[in-house]
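Working through the structure, step by step
Each chain, written out:
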Amino acid sequence: EETHRRLAFLLTPNLQEKLDKILEIDTTLKIPIHRWLCGQPTSNTAKAINQTLDKITYLQEMQVPTWDLSTITINRKKRLANIVRNNTNSYLQRINPTKRYPLMICFLWETLLDTTDMVLVMYSDFWQQDMNDAKKALEEYQMSVMKIRGRAWLTLIDTTKMVVNDEIENFDLRQTIFKSYPKEQLQEALNMVIKGSKEDTEHTQLYFLFKQYGRFKQFTVHLLNTLTFEIAFAKDYFGDGLILLSQLQKGSKRK
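Residues numbered from 1 in each chain as written. Predicted model: local features only at pLDDT ≥ 70, side-chain atom pairs only at ≥ 80, totals over all residues. Heavy atoms only, no water.

Right, let's talk about the overall build of the chain for a bit. Helix and strand content of the chain: twelve helices and zero strands. Mapped in sequence order, the helices and strands of the chain form the string α-α-α-α-α-α-α-α-α-α-α-α. Burial status across the chain gives 34% buried among its 255 residues. Put simply, of all contacts in the chain between residues at least 6 apart along the chain, 74% involve residues at least 24 apart. If you sum the accessible surface of the chain, you get close to 16900 Å²; carbon and sulfur atoms cover 55% of it. (Helix = DSSP H or I, 4+ residues; strand = E, 2+ residues; numbered from the N terminus. Buried < 20%, exposed > 50% of the residue type's maximum accessible area, 1.4 Å probe, protein only. Contact = heavy atoms within 4.5 Å. Areas by Shrake-Rupley, 256 points an atom, 1.4 Å probe, with all protein chains shown as cover.)

Set out below in structure tokens:
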């Protein structure tokens, strides 16, 4: 009753109706919204991140971020939220409204906090996985280049030995070289060495990470539209960078 009294200013007829609907079967989800909000992602894909962001969007539309729950202690909010998470919608519907509505308010509040933390961890893990994949791709590329370049260098070294060999007459030099290495193979080796010397600075971990950009774009627009970031240090221009990034992602600014 005391908790209900402290939260009474939030409990407008409109909000009470919305809280009741959360415990009913949703026609789109085919399950109660209550159970949908309690669900945990089972993978760390772009689709899973978008689905988690959808929950935050739903809670934002419920105006949950604007609620002032400072009159309720942190531990009590968590305790009441866990009661909702650990019980069925039919059980919760039978609870007296004086008790049920404070339970539902704390549940939505804690769900917003937990889901926001969850989506940031998912993004962090997604980023780290792609960074690891980019590093692995770079290492595999470097190994393959080393093998190909090694064979190319051996070909050119052997050819050079023939060129400086005084025992081979100039007239016979080209024929002698082509007996060991056809012209096409020599040209391929030469191209590989020339190309390799130019690409040493082009292929980095970020080069391979860029190939994953399409995967990020599947959810980054949704993420930047849903979450608001506070900037701690104004002097590093991070805020300006974030605005520019958001504009590029959303397509409102030309690249």
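Alright, that's what it looks like, and here's the rest.
Let us look at the packing of helix 11 (residues 213–226) against helix 12 (residues 238–250). Running from amino to carboxyl end, helix 11 crosses helix 12 at an angle of 115 degrees, the nearest separation of the two axes being 9 Å. Considered as vectors, helix 11 and helix 12 are oriented roughly perpendicular to each other. Between helix 11 and helix 12 the crossing geometry is left-handed. On the side of helix 11, the interface is formed by Y213, K217, T220, V221, L224 and N225, while helix 12 contributes L242, S246, Q249 and K250. Residue composition of the contact of helix 11 with helix 12, by class: four nonpolar, four polar and two charged. (Axes fitted to C-alpha atoms, helices over the stretch in contact; angles between N-to-C directions. Parallel < 35°, antiparallel > 145°, perpendicular 65-115°, else oblique. Left-handed = near helix turned anticlockwise from the far one by under 90°. Nonpolar A, V, L, I, M, F, W, Y, C, P; charged D, E, K, R; others polar.)

Approximately 560 Å³ is the volume found for the largest pocket. As for the largest pocket, its lining consists of 20 residues, and the residues nearest its centre are Y123, W127, T220, L245 and Q249. At the level of elements, helix 7 (97–164), helix 11 and helix 12 are the ones that each hand at least two residues to the lining of the largest pocket. For the lining of the largest pocket, the leading source of residues is helix 12, giving six residues. Grouping the constituent residues of the lining of the largest pocket by class yields 15 nonpolar, three polar and two charged. (1 Å grid on protein atoms, 1.4 Å probe; cavity = no way out; pocket = protein on both sides within 12 Å on 5 of 7 lines; lining within 4 Å. Points joined across faces, edges and corners; volume = space filled by probe spheres on them.)

Once that is clear, we can look at a nonpolar patch on the surface. Together, L120, F229, I231 and F238 line one region of the surface with nonpolar side chains, adding up to about 340 Å² of accessible area. Tracing the backbone shows F229 in the loop between helix 11 and helix 12. Residue classification places F229 among the partly exposed positions, given a relative accessible area of 35%. (Patch = residues over 30% accessible without salt bridge, like charges linked within 9 Å, V, L, I, M, F, W, Y side chains within 5 Å. Salt bridge = Lys/Arg side-chain N within 4 Å of Asp/Glu carboxyl O.)

What follows covers the packing of aromatic side chains. Scanning the entire structure with this criterion turns up ten aromatic pairs. A centroid spacing of 5.9 Å and a plane angle of 80 degrees characterise the contact between W36 and Y58, whose relative ring orientation is edge-to-face. Taken together, the residues W36 in helix 3 (residues 33–38) and Y58 in helix 4 (residues 46–61) connect sequence positions 22 residues apart. Accessibility expressed as a relative area gives 19% for W36, which makes it buried. Taking the centre distance of 5.8 Å and the plane angle of 55 degrees together, the rings of Y141 and F208 count as tilted. Residue Y141 is located in helix 7, and its partner F208 is located in helix 10 (residues 205–209); the two are separated by 67 residues in the primary sequence. Assessed through its relative accessible area of 22%, Y141 is described here as partly exposed. In this structure F208 comes out as buried when scored by relative accessible area, which is 10%. Positioned above the aromatic ring of Y101, the side-chain terminus of R100 is 5.1 Å from the ring centre. (Phe/Tyr/Trp six-rings, centres within 6.5 Å; stacked < 30°, edge-to-face > 60°. Lys NZ or Arg CZ within 6 Å of the ring centre and 35° of its normal.)

So, on to the environment of P65. Mapped onto the secondary structure, P65 falls in the loop between helix 4 and helix 5 (74–85). With relative accessibility at 46%, the residue P65 sits in the partly exposed group. Remark: the alpha-carbon pair of P65 and L108, spanning 43 residues in sequence, is separated by 9.7 Å. Residue contacts for P65: discarding those within four places in its chain leaves L59, Q60, W109 and L112.

Turning to the pattern of salt bridges, a few remarks are in order. Side-chain pairs of opposite charge can arise whenever the charged atoms involved come near each other. Considering all chains together, one arrives at seven salt bridges under this definition. When the shortest N-O distance is used, the salt bridge between R215 and D130 registers 2.5 Å. Pair noted here: R215 is in helix 11 and D130 is in helix 7, with a separation of 85 residues, a long-range link. Each member of the salt-bridge network shares a partner with another, and the members are E2, R5 and R6.

Considering the arrangement of structural elements, one finds Y207 in helix 10. With a relative accessible area of 34%, Y207 lands in the partly exposed category. Separated by 73 residues in sequence, Y207 and A134 place their C-alpha atoms 8.0 Å apart.

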